[in-house]
Amino acid sequence: GAVSGQLSEMINEENIRFIYQIMPGYSSDVTIYVALIFAIIVVSWLLSFLGVIFTYSDFRLHKTKEELIITRGLFEKKHITVPYDRIQAVRFVEGVIRQPFGYGMIYVESAGFDQSQKGRSIVLAPYISARAVSSFLNEFLTEYEEPEYRFKPPKKALFRYIRRPNYFLLLLIPVLWYFLNRGWLSLMLIPVLTILGWMRYKDAAVGFNNDILRMRYRTISRTTAIMKKNRIQAADLLQNPFQIRKDLVNFSATAASGAGGMNFGVEDLGNEDSLHIYDWVAAEKNIDRQHEGEEQNGTVT
């Protein structure tokens with residue numbers, strides 16, 4: 001409150017005009033637009049950073065014979081118990097800022113936890129090195145191994161991964177160009193989204209052993225999901241008309257989480273690879289795969 005009171009004294013028309021004039025590229029509005037976007041990103045990151053500190057300060061994880069006990073909070077202490085028999089999946093999430101430094105967060109999806117909030121996840125480790133994940137699981141969740149990745153999207157899927165993030169932008173660019181003086185600047189987002197698509201392609205992978213399914217994929221952050229075979233509530237194979245020509249299929253698996261479910265999926269796997277994974281799940285459910293014509297839109301529940 002004290003800081004905001006002082007800022008209101010400093011943020012006035014005269015000071016704003018002075019800052020605007022001393023900025024490089026004063027002859028154009030481009031610099032001020034870029035600076036404003038950068039400032040919004042920095043402020044948002046700082047608020048998120050402070051929120052994490054308040055939420056996860058003094059974080060403690062204690063293991064007992066039947067459950068995990070979590071204690072956390074700076075001003076308000078929260079105690080959460082997670083019985084082992086309710087854990088449906090484990091998730092390791094690497095944000096775009098944390099991943100380059102080799103860090104991320106570990107979540108668990110727990111059936112029946114906080115039924116008032118659908119899809120609620122529980123944080124087991126708010127800040128952990130990617131190299132320490134295996135040892136963490138060995139200590140706290142011994143049944144959750146990390147099988148090697150066996151299946152990745154084929155090379156013919158690369159262009160689909162690169163193209164997919166740009167679909168909406170390519171429709172938006174003509175509109176922005178027409179209505180805004182600097183609308184052409186939206187073209188600068190194409191390389192950024194193309195790199196994002198390439199990262200999604202490189203990260204996508206699936207592996208399994210006798211009892212554990214491991215999936216890795218990226219939206220913005222990179223997520224690694226580990227699920228027990230008998231905890232998978234549903235598995236789907238989906239193929240749209242554009243994938244049929246290239247013999248590609250999307251595979252997804254769902255685990256219970258809170259009052260709803262948490263879905264994990266890898267896009268554009270090879271048809272044979274996706275059917276192999278699907279058959280592995282179906283074996284747990286004692287379901288035989290139907291004839292070839294029905295394989296492209298399969299569901300195991």
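About the thresholds
- Residues numbered from 1 in each chain as written.
- Predicted model: local features only at pLDDT ≥ 70, side-chain atom pairs only at ≥ 80, totals over all residues.
- Heavy atoms only, no water.
- Salt bridge = Lys/Arg side-chain N within 4 Å of Asp/Glu carboxyl O.
- Helix = DSSP H or I, 4+ residues; strand = E, 2+ residues; numbered from the N terminus.
- Core = buried A, V, L, I, M, F, W, Y, C linked by side-chain atoms within 4.5 Å.
- Buried < 20%, exposed > 50% of the residue type's maximum accessible area, 1.4 Å probe, protein only.
- Contact = heavy atoms within 4.5 Å.
- Pairing = 2+ DSSP bridges.
- Axes fitted to C-alpha atoms, helices over the stretch in contact; angles between N-to-C directions.

Caption draft 1: Representation of the pattern of salt bridges within the structure. One pass over the full model with this rule turns up 11 salt bridges. Between Glu146 and Arg214 there is a salt bridge; the shortest N-O distance is 3.6 Å. Of this pair, Glu146 sits in the loop between helix H4 (133-140) and helix H5 (158-163) while Arg214 sits in strand E8 (residues 212-218), placing them 68 residues apart in sequence. Salt-bridge contacts for Arg164 lead to Asp268; the nearest nitrogen and oxygen are separated by 2.4 Å.

Caption draft 2: Summary view of the nonpolar core. Ranked by internal contacts, the top residues of the largest apolar core, which has 30 residues, are Val206, Leu213, Met215, Phe251, Phe264, Val266 and Ile277. Discounting residues that sit within four places of it in the chain, Leu213 has contacts with Val206, Gly207, Phe208, Ala225, Ile226, Met227, Ile232, Phe251, Ala253, Ile277 and Trp280.

Caption draft 3: Local environment of the sheet that holds strand E2 (residues 67-72). Strand order in the open sheet formed by three strands is E1-E2-E3, with antiparallel pairing between adjacent strands. Since the sheet does not close on itself, it has two edges, and those belong to strand E1 (60-63) and strand E3 (78-83), each with one partner. Between one strand axis and the next, the sheet turns by 15° as a mean value, whatever way the strands run. Where E2 and E3 come together, six bridges link them in antiparallel fashion. Bridge assignment links Ile70 to a residue of E3, and that residue is Ile80.

Caption draft 4: Here's a closer look at the sheet that holds strand E7 (residues 205-208). Across the sheet, six strands lie side by side as E6-E5-E4-E9-E8-E7; this open sheet has antiparallel pairing. At either end of the open sheet lies a strand with only one pairing partner, and these are strand E6 (121-129) and E7. Taken over all neighbouring pairs, the strand axes of this sheet differ in orientation by 15° on average, direction set aside. Strand direction decides the pairing type here: E8 and strand E9 (residues 222-228), joined by seven bridges, are antiparallel. Paired with Ile212 across the strands is Lys228, a residue of E9. In the packing of H4 onto the sheet, the strands contacted are strand E4 (87-94), strand E5 (103-110), E6 and E9, and the crossing angle to E6 comes to about 135°.

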